[in-house]
Amino acid sequence: MSRQLQFEFAEIPTGNDRQGPDSVLTGPMFSWLKSKARKTNDIDTAAIDTSRLLEEVLTERNLAEALLHVARNRGAAGADGQSVESIVARAAQLLPLMRTEVSRGRYRPLEVKRVWIPKPGSDEPRGLGIPTVSDRWLQQAIHQVLSPIFEPTFHHSSHGFRPNRGAHTAMAEAKALVNAGYEWVVSLDLSQFFDRVNHQRLLSRLSQRIKDKGLLRLIHQMLKAKIVLPDGTKVSVDEGTPQGGPLSPLLSNIVLDELDWELERRGLRFIRYADDLNVFVRSERAGTRVMASLTRFVEKRLRLKVNYDKSVVDRPENVHILGFSLHRNLKKGLTEVRLSKKTRRRIRSKVSELTPRNWGQSVRDCMRKANQYLKGWIGYFSQCSSPSFLEGVDSHLRRRLRAIIIRQKKRPRYLYRHLVSQGAPKHSAAKLAFSSRGLWFKSNMPGINLAYKNNWFMGKLMNLVHEWSRLNLPKTSAVSEQLTLAF
């Protein structure tokens with residue numbers, strides 16, 4: 001970022017940044033942005049001059065729409081400490097300044113803040129790169145111009161980070177392939193893909209369709225932005241694209257689109273979701289051969305690295321595909337999509353994490369916390385035709401909450417009085433309260449089950465079976481003919 005733009009960020013009063021989290025979406029400046037914005041699909045890709053794309057990026061309407069998008073996504077502050085709220089509050093001043101600085105070549109991306117988050121199924125954390133809000137704003141503006149240009153050229157079996165596509169379309173295609181007789185899967189795991197993207201190859205791919213040297217130079221600067229580690233150390237970057245910026249998903253698809261069309265050229269059937277690639281073949285022997293040839297292509301041609309420990313050739317029921325596994329039901333002539341073993345382990349572990357026995361707040365607070373997670377979880381895994389596994393998760397969750405209630409009463413006489421006040425028979429309440437058995441055993445005794453029946457949790461705790469029924473109601477008539485997801 002130029003000194004002038006840094007000065008403006010420091011000197012313009014920030015106003016009240018301690019407003020509620022929704023203030024950024026309701027303030028007068030947000031309304032001003034909406035009045036200036038245009039929908040991204042308004043871009044006429046047929047008429048656009050690819051040698052003057054930077055001008056399209058910097059139009060007032062495109063920048064306004066980009067900042068609206070960043071504001072709706074919220075997100076943390078970057079290395080400069082500027083919040084989304086503070087940037088939106090000064091949009092009227094910063095938008096023309098952004099246009100001027102970028103068009104004159106004076107804009108310089110700031111450092112990318114490195115944060116570490118837990119990686120499911122691994123002891124090693126996953127590194128995310130958080131650009132500053134102003135850099136995310138500009139990246140989003142670039143994305144809105146480039147996406148309509150590259151999107152029509154992507155392979156139809158690429159499902160990640162694309163409009164009207166996602167895990168549901170990927171699994172539907174995978175199920176169709178297994179139904180067609182492709183009953184072996186080559187699961188290729190790319191090791192630290194986002195950190196290993198070769199800059200020169202990426203820029204070469206971009207330059208095939210982008211003739212605007214100013215825009216290519218700006219993207220290169222974003223790729224080369226230094227990383228700020230949690231201890232304050234700044235690290236230079238020679239490869240990779242920050243996994244956390246709005247432009248990163250599009251760039252990753254541009255890089256791997258070459259792999260998609262190579263698979264097409266070879267006549268292979270596959271699905272790809274971001275860096276998760278699964279190729280479907282008819283025999284184990286063919287799978288072994290495909291694994292070897294694809295590994296050579298990825299490592300020598302794309303200059304990426306394959307994780308040999310996680311890459312496998314196996315039956316679809318043993319492969320973790322976007323959280324699911326595929327099972328052939330020969331009697332019904334259908335392919336069932338079930339939760340993979342890894343996903344089942346994760347949800348059981350997460351339920352335990354959400355309901356710790358030493359929970360020190362109210363049970364209702366615990367349920368509210370669990371609801372926040374379970375709502376998103378069932379939204380993704382709601383494609384099942386049989387909720388039998390969900391019934392087990394619901395039951396286990398309620399039992400853990402009952403265990404918390406028992407523990408919080410501390411003394412037996414307090415627990416006895418509480419259970420009776422909740423409607424439990426005196427003999428059942430006494431048998432539980434004065435029992436010498438452990439907490440987990442007590443959590444399934446009649447005293448607590450009668451005091452806190454399943455109906456008590458209705459309306460307070462997310463019921464996965466009921467939520468599955470609600471989400472699947474419009475498509476129940478098509479289940480038998482199309483997608484069957486069973487646990």
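Residues numbered from 1 in each chain as written. Predicted model: local features only at pLDDT ≥ 70, side-chain atom pairs only at ≥ 80, totals over all residues. Heavy atoms only, no water.

A. Local environment of the sheet that holds strand β5 (residues 234-235). One open sheet accounts for four strands, arranged β2-β1-β4-β5; its pairing is mixed. Every other strand in the sheet has two partners, leaving β2 (126-130) and β5 as the edge strands with one partner each. Pairing of strand β1 (residues 112-117) with β2, which is carried by five bridges, proceeds in the antiparallel orientation. Considered in β2, the bridge of K113 is made with I130. (Pairing = 2+ DSSP bridges. Helix = DSSP H or I, 4+ residues; strand = E, 2+ residues; numbered from the N terminus.)

B. Just a positive patch on the surface, in detail. There is a patch of like positive charges on the surface, built from K119, R126, K310, K341, K342, R345 and R346. Sort the elements by how many residues they give to the positive patch and helix α14 (residues 341-354) lands first, with four residues. (Patch = residues over 30% accessible without salt bridge, like charges linked within 9 Å, V, L, I, M, F, W, Y side chains within 5 Å. Areas by Shrake-Rupley, 256 points an atom, 1.4 Å probe, with all protein chains shown as cover. Salt bridge = Lys/Arg side-chain N within 4 Å of Asp/Glu carboxyl O. Lys, Arg positive; Asp, Glu negative; His and termini not counted. Charge placed at Lys NZ, Arg CZ, Asp CG, Glu CD.)

C. Fine view of the pattern of salt bridges. Summed over all chains, the structure comprises 17 salt bridges. Where R205 meets D257, a salt bridge forms, and the shortest distance between an N and an O atom there is 3.6 Å. Here R205, found in helix α10 (residues 199-207), pairs with D257, found in helix α12 (residues 248-265); they are 52 residues apart in sequence, far enough to count as distant. We classify R205 as partly exposed; its relative accessible area is 21%. The exposure class assigned to D257 is buried, which follows from its relative accessible area of 6%. (Buried < 20%, exposed > 50% of the residue type's maximum accessible area, 1.4 Å probe, protein only.)

D. Broad picture of helix α16 (residues 388-408). When the terminal C-alpha atoms of α16 are compared, their 31 Å separation across 21 residues agrees well with the 30 Å that a helix rising 1.5 Å per residue should span. Directly beyond the C-terminal end of α16, a positive phi value near 60° is found at K410. (Expected span 1.5 Å × (residues − 1).)

E. Representation of the packing of aromatic side chains in the model. Inspection of every chain in the model, using the stated rule, returns nine aromatic pairs. When the centroid spacing of 4.7 Å and the interplanar angle of 80° are considered together, the rings of Y380 and F381 count as edge-to-face. We classify Y380 as partly exposed; its relative accessible area is 30%. Exposure remark for F381: the relative accessible area of 8% places this residue in the buried category. Where Y452 meets W456, the ring centres are 4.8 Å apart and the plane angle is 85°; that geometry is what we call edge-to-face. Note on Y452: relative accessible area 5%, which makes it buried. The rings of F324, W377, Y380 and F381 are connected pair by pair, giving a single aromatic cluster. It is R344 that lies over the ring of F389; its NZ or CZ is 4.8 Å from the centre. Sitting over the face of the ring of F441, R437 holds its NZ or CZ atom 3.8 Å from the ring centroid. (Phe/Tyr/Trp six-rings, centres within 6.5 Å; stacked < 30°, edge-to-face > 60°. Lys NZ or Arg CZ within 6 Å of the ring centre and 35° of its normal.)

F. Representation of the side chain of H327 within the structure. Tracing the backbone shows H327 in strand β9 (residues 324-329). Accessibility expressed as a relative area gives 18% for H327, which makes it buried. Polar contacts involving the side chain of H327 include one to the side chain of S325, which spans 3.1 Å. Ignoring sequence-local partners within four residues, the contact set of H327 consists of E317, L334, T335, E336 and R338. (Polar contact = N/O pair within 3.5 Å; in protein donor to acceptor, adjacent residues only side chain to side chain. Contact = heavy atoms within 4.5 Å.)

G. Geometry of the packing of helix α6 (residues 91-103) against helix α7 (residues 133-150). Closest axis-to-axis distance for the α6/α7 pair is 12 Å, and the angle between their directions is 70°. With respect to their mutual orientation, α6 and α7 come out roughly perpendicular. On α7, the residues that touch L94, L95, M98 and V102 of α6 are S134, W137 and L138. Considering only residue class, the contact of α6 with α7 consists of six nonpolar, one polar and no charged. (Axes fitted to C-alpha atoms, helices over the stretch in contact; angles between N-to-C directions. Parallel < 35°, antiparallel > 145°, perpendicular 65-115°, else oblique. Nonpolar A, V, L, I, M, F, W, Y, C, P; charged D, E, K, R; others polar.)

H. Focus on helix α13 (residues 284-301). Here α13 spans 25 Å end to end across 18 residues, near enough to the 26 Å set by a 1.5 Å rise per residue. Those residues of α13 that sit buried are A286, G287, V290, M291, S293, L294, T295, F297 and V298. Packing partners of the buried residues in α13 comprise β3 (184-189), α12, β7 (276-281) and β8 (312-314). Phi for R303, located one or two positions after α13, is positive at around 60°.

I. Region of interest: the pairing of β3. Burial within β3 is extensive, with five of its six residues counted as buried. Here six bridges tie β3 to β7, and the two strands are oriented antiparallel to one another. Bridge pairing in β7 links D189 to D276.

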